[in-house]
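Commentary on secondary and tertiary structure
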Amino acid sequence: MNQRLLVVDDEESIVTLLQFNLEQAGYDVVTAMDGKTAFEKAKDGNFDLIILDLMIPELDGLEVCKQLRQNKISTPILMLTAKDDEFDKVLGLELGADDYMTKPFSPREVVARIRAILRRVTPIQEEKLTDTKVVAIKIGEVEIFSENYEVFYQGNQLELTPKEFELLLYLATNKGRVLTRDQLLNAVWNYEFVGDTRIVDVHISHLREKIEPNTKKPIYIKTIRGLGYKLEEPQLNA
């Protein structure tokens, strides 16, 4: 069964271009040309990934992204924009987008980005059907099941985006090690992101909101001033 994508853009030429190239690459493609329609389709449909333009009518891309995440829909989102604006990029990622591309772009680049995102999550579903022995990484009250792409905190499953999961998993497999922002950027975002390490800070902030009892005094993900971050075993009884 082909993977199913939702393409959202108000420029018909871009929708047609993306739909043709994505279908040629083997994906099933559904389209929408405004934010309201996109939200309803994304909320009711079973999509593997959403390509979402920032500047669309009804609801803009940022609002669509925000509402999807508020509704616990964790479908990966690749955000598109014609604006080369750093504020928009960081804000989009803060609201839950997984990746970001600036127009103009080549269809081949879009396909490559999509494959990179889906590669992280697709094989997991097949493994869950056959692998009965699942090994967890346990740190304090956080449990990470890498094969199942699941994270539990205090016994409750967390809703993480693919990038948040990859970042947490990388921190956990390097527990106790200080990792620079550049190291994290290169490990989790496997292509050049123009050295924008603020993307790392945004995702660290998201993770802290989900696993830290007090985000102002983190006990899991520690900031190492002037260097980066490290994940460590918390002193829960301290």
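The structure this text deals with has already been given above.
Everything quoted here is computed from the prediction, not taken from an experiment. (Residues numbered from 1 in each chain as written. Predicted model: local features only at pLDDT ≥ 70, side-chain atom pairs only at ≥ 80, totals over all residues. Heavy atoms only, no water.)

**Notes on the layout of surface pockets**
For the second largest pocket, the calculated volume is near 300 Å³. Along its surface, the second largest pocket is lined by 16 residues, and Arg69, Gln70, Leu95, Glu164 and Lys210 are the ones closest to its centre. Mapped by element, the contributors of at least two residues to the lining of the second largest pocket are helix 3 (61–70) and helix 8 (198–211). Of the residues that constitute the lining of the second largest pocket, the class distribution is three nonpolar, five polar and eight charged. In terms of domain composition, the lining of the second largest pocket takes at least three residues from each of domain 1 (4–121) and domain 2 (137–231). (1 Å grid on protein atoms, 1.4 Å probe; cavity = no way out; pocket = protein on both sides within 12 Å on 5 of 7 lines; lining within 4 Å. Points joined across faces, edges and corners; volume = space filled by probe spheres on them. Helix = DSSP H or I, 4+ residues; strand = E, 2+ residues; numbered from the N terminus. Nonpolar A, V, L, I, M, F, W, Y, C, P; charged D, E, K, R; others polar. Domains from an automatic or database assignment.)

**Quick notes on unusual backbone geometry**
Excluding glycine, most residues fall at negative phi; most peptide bonds, likewise, are trans. Put simply, Lys103 and Pro104 share a cis peptide bond, and its omega is 0 degrees. Here Pro104 lies in the loop between strand 5 (99–102) and helix 5 (107–130). Unlike most non-glycine residues, Glu58 shows phi in positive territory, near 70 degrees. The phi dihedral of Lys72 falls on the positive side, at around 65 degrees, and the residue is not glycine.

**A look at the pattern of salt bridges**
Enumeration according to the criterion identifies 13 salt bridges in this entry. Residue Lys103 is joined to Asp9 by a salt bridge in which the shortest nitrogen-to-oxygen separation is 2.9 Å. One end of the pair, Lys103, is in the loop between strand 5 and helix 5; the other, Asp9, is in the loop between strand 1 (4–8) and helix 1 (12–24), and 94 residues separate them in sequence. Asp9 shares its class with Lys103; the two are buried. Its salt-bridge partner being Lys230, residue Glu232 comes within 3.4 Å of it at the nearest N-O pair. Connected through salt bridges with shared partners, the residues Asp9, Glu11, Asp53 and Lys103 form a single ionic network. (Salt bridge = Lys/Arg side-chain N within 4 Å of Asp/Glu carboxyl O. Buried < 20%, exposed > 50% of the residue type's maximum accessible area, 1.4 Å probe, protein only.)

**Remarks on the packing of helix 2 (residues 35–44) against helix 3**
Running from N to C, helix 2 and helix 3 cross one another at 25 degrees; their axes reach a closest spacing of 10 Å. The orientation of helix 2 relative to helix 3 falls into the category roughly parallel. Regarding helix 2 and helix 3, the two cross each other, and that crossing is right-handed. Along its contact with helix 2, which presents Gly35, Phe39, Ala42 and Lys43, the element helix 3 presents Val64, Gln67 and Leu68. (Axes fitted to C-alpha atoms, helices over the stretch in contact; angles between N-to-C directions. Parallel < 35°, antiparallel > 145°, perpendicular 65-115°, else oblique. Left-handed = near helix turned anticlockwise from the far one by under 90°. Contact = heavy atoms within 4.5 Å.)

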